[in-house]
Amino acid sequence: MSLSIDEDQRALADSVAAFARRTVPIAATRNQFDALSAGTCPASVWDAVVRQGLHNMHLPEAVGGSDCGLPVLAVVVEQLGKAMFPGPYLPTVLTSAVAATASNGADDLLAAFAGGATGALVAGNRLTARPVAGGWEVEGTSDPTIGLPGAERVLVRAALAGTSGGNLWFWLERADLDQAATAAKVAPCEALDLTRSVGRLELAGHRIPHERALSGLDADRVDVVVTSLLGAEASGIAAWCVETAVDYVRTRHQFGRPVGSFQAVQHKAALMLVRSQVACAAAWDAARAADASADQQRLAAAQAALTAVPAGVDQALDCISLLGGIGFTWEHDAHLYWRRAISISSAVGAQDIWAARLGDAALHTERDFSFIDGDSLPELRERVGRALDEVLALPDDEIPSEGWAPARGGSRRARLAAEGLTAPHYPQPYGLDAGPVEQAVIADEFARRGLTQPDMGIAEWVLPTLVAHGSEEQQKRFVPATLRGELIWCQLFSEPGAGSDLAGLSTRARKVDGGWVLTGQKVWNSQAQEADWGVCLARTDAEVPKHAGLTYFLIDMHAPGVDVRPLRQVTGIWEFNEVFLDEVFVPDDCVVAGPGDGWRLAVTTLSNERLKMGSAKLGHGSANMVRRLLDRDEYGSTRDEAMRVLGRNTARELSVAALNLRSVLQRLHGSEDTTGSLNSVQKVFHAIAQRDGSRAVVALLGPLGCVGSPEEPYVRDYLGVPAVMFGGGTIEIQLNVIAQRVLGLPR
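Below or above, wherever it landed, is the structure these notes cover.

1. Side note on the pattern of salt bridges
All told, the structure shown has 41 salt bridges when counted by the stated rule. Glu 243 is paired through a salt bridge with Lys 82; the nearest N and O atoms lie 2.8 Å apart. Taken as a pair, Glu 243 in helix 9 (residues 219-251) and Lys 82 in helix 5 (residues 70-82) lie far apart in primary sequence, 161 residues in all. Taking the relative accessible area as the measure of exposure, Glu 243 reaches 33% and is therefore partly exposed. A cluster of three or more residues bridged by salt bridges with shared partners is formed by Arg 381, Asp 389, Asp 444, Glu 445, Arg 448 and Arg 449.

Here you go:
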């Protein structure tokens, strides 16, 4: 759980964490509360920061910085936030990073920051400037500002009187604020965060000369700097909270058992991990948007403000609840993190305002999650592009299915399979051994031509299992035909009496000459009504532990004894089926791997299922539905509320996409998740996002919520949410996986 992506960033994160522990442990910070809240940081602490170069690493080399960029600075902020590093570090780098975006007038200010000056950013809307001879005159009292008391340089934004949206940016020195008769002063506040100062800037006709003004500060870029750094600190807080809570419940005993073995505790801890990962992804996405276009910055900044920054507040409270009574004592450090989380969440601004801003930004703009440029891998582009141009010249003669199943066959699909483009990530001869960059280039070439990449449906979960574990004969028999769209698959795992307890299934297989005979019932089988083949898990040995006695079969869905019956859902349509197996013969050559290997193979299949479901874009029940309501003026609430719902639903979508992109980039940089946590985290958050987004749409409808027609599918989409929540394992099952296999909590 870190913002770091590549090896250098991971090394930096480890180094900063060690520096924080060595320089100022929390026990030492506790002895300095009064001084810190007054704006006085121990000289040894700030001097250590300056010696390490952590204060100016993001600043241009021309002023004495290292020009490392905002994403690298965010890694440092996250680690220092996790360590509860006290004093002016965050307010200072926040201020200098904003100042560094100016096009003119910031050189002296940046040089001071590069030399070790501390800072604060006053960027609310309560100050007003009017032009006077030689400069401007500023009036007003600012909002409470973190780090203001004690700051040596203060960067200030004031609204220009007589303009619509115009701002004056200028800076002050401590000397401007320390004079007894000055028109500018700092009024300290009692700080909620005991490790930093807070104060208001009071300006009573204070004169600002022209040389103190900065120009070229773009509001969108300022927002992305502020929200990404505050989000990074919140990510550090969230990480500390989950680690602290898990360490405690793993060892704390009640009723003769570790507290961490109780399911309610496990689920809360697992949800904390999900929240931590989502906050990390949102802050990271904002930081990487620093040099993007203004419309991309608006989306990323609002997403971080809505998702990353407030995450620390909820995370800290959940941490305290898992710690129990000790968690809300003064002596425990949890309240320090809670206080800081509330403080930075308040500093970023009201959530409703950010939701409306994100809704406005998302109305006609999508976040760009591409990670390649148009010139990447030119030889591959040329080869793939040539093949796709030839595909376009072929007739579009696929046969569409009636339900969820993919379309069948067609000359285009056959050509794509021959070129390895149906599943380019598969090994040769079935694919191109394409890694993430190659896959992105191929997807880009498809998109340029308006072609949709083939969808294999359930086969996208099945074929990787066959490629990894199937015999050569099984691979040759099934993989090419499926890639060509000639075979449709279903998955026969779940049972009425087992549910998510896959190892508890009761379908039996007994050995006979030349094969096996299967008897049992399966349920919730997508695409079974159109499938040619199914992968089936059945018990072949009742004398061994239940996980060990399972076997993975390939079943001809047209074989005698196979009876497929549709299940009509609450939506009124059927997308799933129940399948009855009555003495179905399966030859030996349709057993994958060997008898007893079923559990191992099923885990492979389910991992691919969860990865696909976790990385999928949210469907009609989220932001798109709100856009449709807005376009048709059909919402039952106010337009302002509809825009806020669009913002919150978009935030969930962006979080899913940011998690996906981080996963890809981590694999590219050799830090692929080996615990399996990311699949389950993505699956859990995807399901929660779909559930909450669809429910938010229903809340907007008013009387339109009485209508259930396909032409107005707003409520019908919500009725389909259970399929998303249950598919690939319920949220609760995934939380068990996260708690026990990732967090290491006892069963």
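Right, picking up where we left off after that structure.
2. Some points on helix 25 (residues 731-742)
For helix 25, with 12 residues, the first-to-last C-alpha span of 15 Å sits near the 16 Å given by 1.5 Å per residue. When we look at burial in helix 25, the residues that qualify are Ile 731, Gln 734, Leu 735, Asn 736, Val 737, Ile 738 and Ala 739. The first or second residue beyond helix 25 is Gly 744, which carries a positive phi of 75°.

3. Observations regarding empty space enclosed by the protein
As enumerated under the stated definition, the model contains 1 cavity of 30 Å³ or more in all. Counted as a void, the largest cavity has a volume near 40 Å³. Residue lining of the largest cavity: Val 77, Leu 80, Gly 81, Phe 85, Pro 86, Tyr 89, Leu 90, Arg 196, Glu 233 and Arg 340, and that is the complete set. Of all elements in the fold, only helix 5 and helix 6 (89-99) reach the threshold of two or more residues within the lining of the largest cavity. Grouping the constituent residues of the lining of the largest cavity by class yields 6 nonpolar, 1 polar and 3 charged.

4. Some details on the layout of surface pockets
Size it by volume and the second largest pocket reaches roughly 1,000 Å³. Within the residue set of the lining of the second largest pocket, elements represented by two or more residues are helix 6, strand 1 (119-122), strand 4 (145-146), helix 9, helix 12 (334-348) and helix 13 (351-362). With 6 residues, the top contributor of residues to the lining of the second largest pocket is helix 9. By residue class, the composition of the lining of the second largest pocket is 22 nonpolar, 8 polar and 6 charged.

5. Things to note about the side chain of His 58
Inspection of the secondary structure assignment puts His 58 in the loop between helix 4 (43-52) and helix 5. For His 58, a relative accessible area of 9% translates into the label buried. Side-chain polar atoms of His 58 contact the side chain of Ser 96, separated by 2.8 Å. Ignoring anything within four residues of it in the chain, the contact list for His 58 reads Asp 67, Cys 68, Gly 69, Leu 73, Val 93, Ser 96 and Ala 97.

6. Observations regarding the packing of helix 5 against helix 6
Put simply, helix 5 and helix 6 touch, their axes get as near as 11 Å, and they point 165° apart. As summarised for this structure, helix 5 and helix 6 are arranged roughly antiparallel, according to the angle between their axes. The element helix 5 and its partner helix 6 pack so that their crossing is left-handed. On the side of helix 5, the interface is formed by Leu 73, Val 76, Val 77 and Leu 80, while helix 6 contributes Tyr 89, Leu 90, Val 93 and Ala 97.

7. Looking at the nonpolar core
Within the largest apolar cluster, 136 residues are counted, with the highest numbers of intra-cluster contacts made by Leu 73, Phe 85, Tyr 89, Val 98, Leu 214 and Leu 229. Leaving out residues up to four positions away in the same chain, Tyr 89 has contacts with Trp 46, Val 49, Leu 54, His 55, Leu 73, Val 76, Val 77 and Leu 80. Core analysis: the next-biggest nonpolar cluster, separate from the first, contains 50 residues, Tyr 426, Trp 461, Leu 487 and Ala 528 among them.

8. So, the packing of aromatic side chains
Taken as a whole and judged by the stated rule, the model has 9 aromatic pairs. An angle of 75° between the planes, with centres 4.8 Å apart, marks the rings of Phe 478 and Trp 533 as edge-to-face. Taken as a pair, Phe 478 in helix 18 (residues 472-483) and Trp 533 in strand 15 (residues 533-539) lie far apart in primary sequence, 55 residues in all. Note on accessibility: Phe 478 and Trp 533 belong to one class, buried. Note on Phe 493 and Tyr 552: the rings are 6.2 Å apart at their centroids and 75° apart in plane angle, and the pair reads as edge-to-face. A residue pair is termed long-range when its members are at least 10 positions apart, and Phe 493 in the loop between strand 12 (489-492) and strand 13 (508-512) and Tyr 552 in strand 16 (residues 550-556) qualify at 59 residues. As far as burial versus exposure is concerned, Phe 493 and Tyr 552 are alike and both buried. An aromatic cluster is built from Phe 478, Trp 489 and Trp 533, whose rings are joined through pairwise contacts. Looking at Arg 367, its charged tip hangs above the ring of Phe 369, at a distance of 5.6 Å from the centre. Above the face of the Trp 284 ring, Arg 662 is positioned so that its terminal group lies 5.4 Å from the ring centre.

9. A closer look at the pairing of strand 15
Burial within strand 15 is extensive, with 7 of its 7 residues counted as buried. Side chains Trp 533, Val 535, Leu 537 and Arg 539 of strand 15 all project onto a buried face; the interleaved residues Gly 534, Cys 536 and Ala 538 project onto the opposite face, where all are buried too. Pairing between strand 12 and strand 15: 4 bridges, direction parallel. Along strand 15, the bridge assignment pairs Cys 490 with Gly 534. Examined bridge by bridge, strand 15 and strand 16 share 7 bridges and lie antiparallel to one another.

The rules behind each value
- Residues numbered from 1 in each chain as written.
- Predicted model: local features only at pLDDT ≥ 70, side-chain atom pairs only at ≥ 80, totals over all residues.
- Heavy atoms only, no water.
- Salt bridge = Lys/Arg side-chain N within 4 Å of Asp/Glu carboxyl O.
- Helix = DSSP H or I, 4+ residues; strand = E, 2+ residues; numbered from the N terminus.
- Buried < 20%, exposed > 50% of the residue type's maximum accessible area, 1.4 Å probe, protein only.
- Expected span 1.5 Å × (residues − 1).
- 1 Å grid on protein atoms, 1.4 Å probe; cavity = no way out; pocket = protein on both sides within 12 Å on 5 of 7 lines; lining within 4 Å.
- Points joined across faces, edges and corners; volume = space filled by probe spheres on them.
- Nonpolar A, V, L, I, M, F, W, Y, C, P; charged D, E, K, R; others polar.
- Polar contact = N/O pair within 3.5 Å; in protein donor to acceptor, adjacent residues only side chain to side chain.
- Contact = heavy atoms within 4.5 Å.
- Axes fitted to C-alpha atoms, helices over the stretch in contact; angles between N-to-C directions.
- Parallel < 35°, antiparallel > 145°, perpendicular 65-115°, else oblique.
- Left-handed = near helix turned anticlockwise from the far one by under 90°.
- Core = buried A, V, L, I, M, F, W, Y, C linked by side-chain atoms within 4.5 Å.
- Phe/Tyr/Trp six-rings, centres within 6.5 Å; stacked < 30°, edge-to-face > 60°.
- Lys NZ or Arg CZ within 6 Å of the ring centre and 35° of its normal.
- Pairing = 2+ DSSP bridges.

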